[in-house]
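Okay, here's what each chain looks like letter by letter:
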Amino acid sequence: MEIILTQDVDNLGSKYDLVKVRPGYARNFLIPRGLAEAATESSRKSLAELIKQRAHKEEKLKKDAESSVAKLKGLSIKVSAKTGENGKIFGSVNSVQLAEAINKAGVTIERKNIDLKSDHIKTIGKYNATIRLHKEVVFELPFEVVSE
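Draft legend 1. Focus on the sheet that holds strand β2 (residues 18-20). With antiparallel pairing, three strands are arranged side by side in an open sheet as β2-β1-β3. Because the sheet does not close on itself, it has two edges, and the strands there are β2 and β3 (36-38). Ignoring which end each strand starts from, the neighbouring axes of this sheet average 40° apart. Here three bridges tie strand β1 (residues 2-5) to β2, and the two strands are oriented antiparallel to one another. Across the sheet, the residue bridging to Glu2 is Lys20, located in β2.

Draft legend 2. Highlighting the packing of aromatic side chains. For the coordinates displayed, the defined rule picks out two aromatic pairs. Each ring, one from Tyr25 and one from Phe29, has its centre 5.6 Å from the other, and the planes form 10°; the classification is stacked. Of this pair, Tyr25 and Phe29 both sit in helix α1 (residues 23-30), four residues apart, roughly one helical turn.

Draft legend 3. A look at the side chain of Ser43. Relative to the helices and strands, Ser43 is located in helix α2 (residues 41-73). In this structure Ser43 comes out as buried when scored by relative accessible area, which is 8%. Of the polar contacts made by the side chain of Ser43, one reaches the backbone nitrogen of Thr40; its length is 2.8 Å. Every residue in contact with Ser43, bar those within four places of it in the chain, is listed here: Ile4, Glu37 and Ala38.

Draft legend 4. View of the side chain of Thr130. As for its position among the elements, Thr130 is in strand β8 (residues 125-134). At 3.2 Å, the side chain of Thr130 and the side chain of Glu140 are in polar contact. Contact partners of Thr130, with chain neighbours within four places excluded, come to Asn113, Ile114, Asp115, Lys117, Val138, Phe139 and Glu140.

Draft legend 5. Seen up close, the pairing of β1. Across three bridges, the pairing between β1 and β3 is antiparallel. Bridged to Ile3 within β3 is Ala38.

Draft legend 6. Inspection of the pairing of strand β9 (residues 137-147) at higher detail. With five bridges connecting them, strand β4 (residues 77-81) and β9 associate as parallel partners. Residue pairing for β9: Ser80 is matched across the bridge by Val146. As judged from the nine bridges shared by β8 and β9, these two strands associate in the antiparallel manner. Among the inter-strand pairings, Gly125 is bridged to a residue of β9, identified as Val145.

Draft legend 7. View of the pattern of salt bridges. In the structure shown here, the tally under the stated rule is six salt bridges. Between Lys62 and Glu136 there is a salt bridge, and its shortest N-O distance comes to 2.7 Å. Of this pair, Lys62 sits in helix α2 while Glu136 sits in the loop between β8 and β9, placing them 74 residues apart in sequence. Relative accessible area serves as the criterion here: at 51%, Glu136 is assigned to the exposed category. Residue Glu140 pairs with Lys117 through a salt bridge whose shortest N-O separation is 3.2 Å. Here the residue Glu140 occupies a position in strand β9, and Lys117 occupies one in the loop between β6 (114-116) and β7 (121-123), the gap between them amounting to 23 residues. Accessibility expressed as a relative area gives 63% for Lys117, which makes it exposed.

Conventions used here
- Residues numbered from 1 in each chain as written.
- Predicted model: local features only at pLDDT ≥ 70, side-chain atom pairs only at ≥ 80, totals over all residues.
- Heavy atoms only, no water.
- Pairing = 2+ DSSP bridges.
- Helix = DSSP H or I, 4+ residues; strand = E, 2+ residues; numbered from the N terminus.
- Axes fitted to C-alpha atoms, helices over the stretch in contact; angles between N-to-C directions.
- Phe/Tyr/Trp six-rings, centres within 6.5 Å; stacked < 30°, edge-to-face > 60°.
- Buried < 20%, exposed > 50% of the residue type's maximum accessible area, 1.4 Å probe, protein only.
- Polar contact = N/O pair within 3.5 Å; in protein donor to acceptor, adjacent residues only side chain to side chain.
- Contact = heavy atoms within 4.5 Å.
- Salt bridge = Lys/Arg side-chain N within 4 Å of Asp/Glu carboxyl O.

Structure (structure tokens):
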């Protein structure tokens, strides 16, 4: 069954993509949650028109994302956390603290665009995070968790 995604869906596609999935997945999960709609003739035509209109906006968003990546490449991000004797963190560091550290450095990034390999970091050290600024612009950001 072919569907048109109305939102970004992990491991499936981005908004306005035309994808083929199993009928049960579409009927029971994607369509009821508002993540997709059935790809009928009329919806395909409206999708083609919408994509044509959004092409210019998408190009601008992509250029903005690439300029943000250029700014991020020159930064060294350090996230400070309270630690115990052995370097273990009280609590954990997650995408919220990393987004705050990046925003303090002068680049605006939402936390939903940050993907940590492990959901919560519990020790000090050097780590990497994947940052998705655009569906075609993905950046691997090294950062360091240090003790306060």
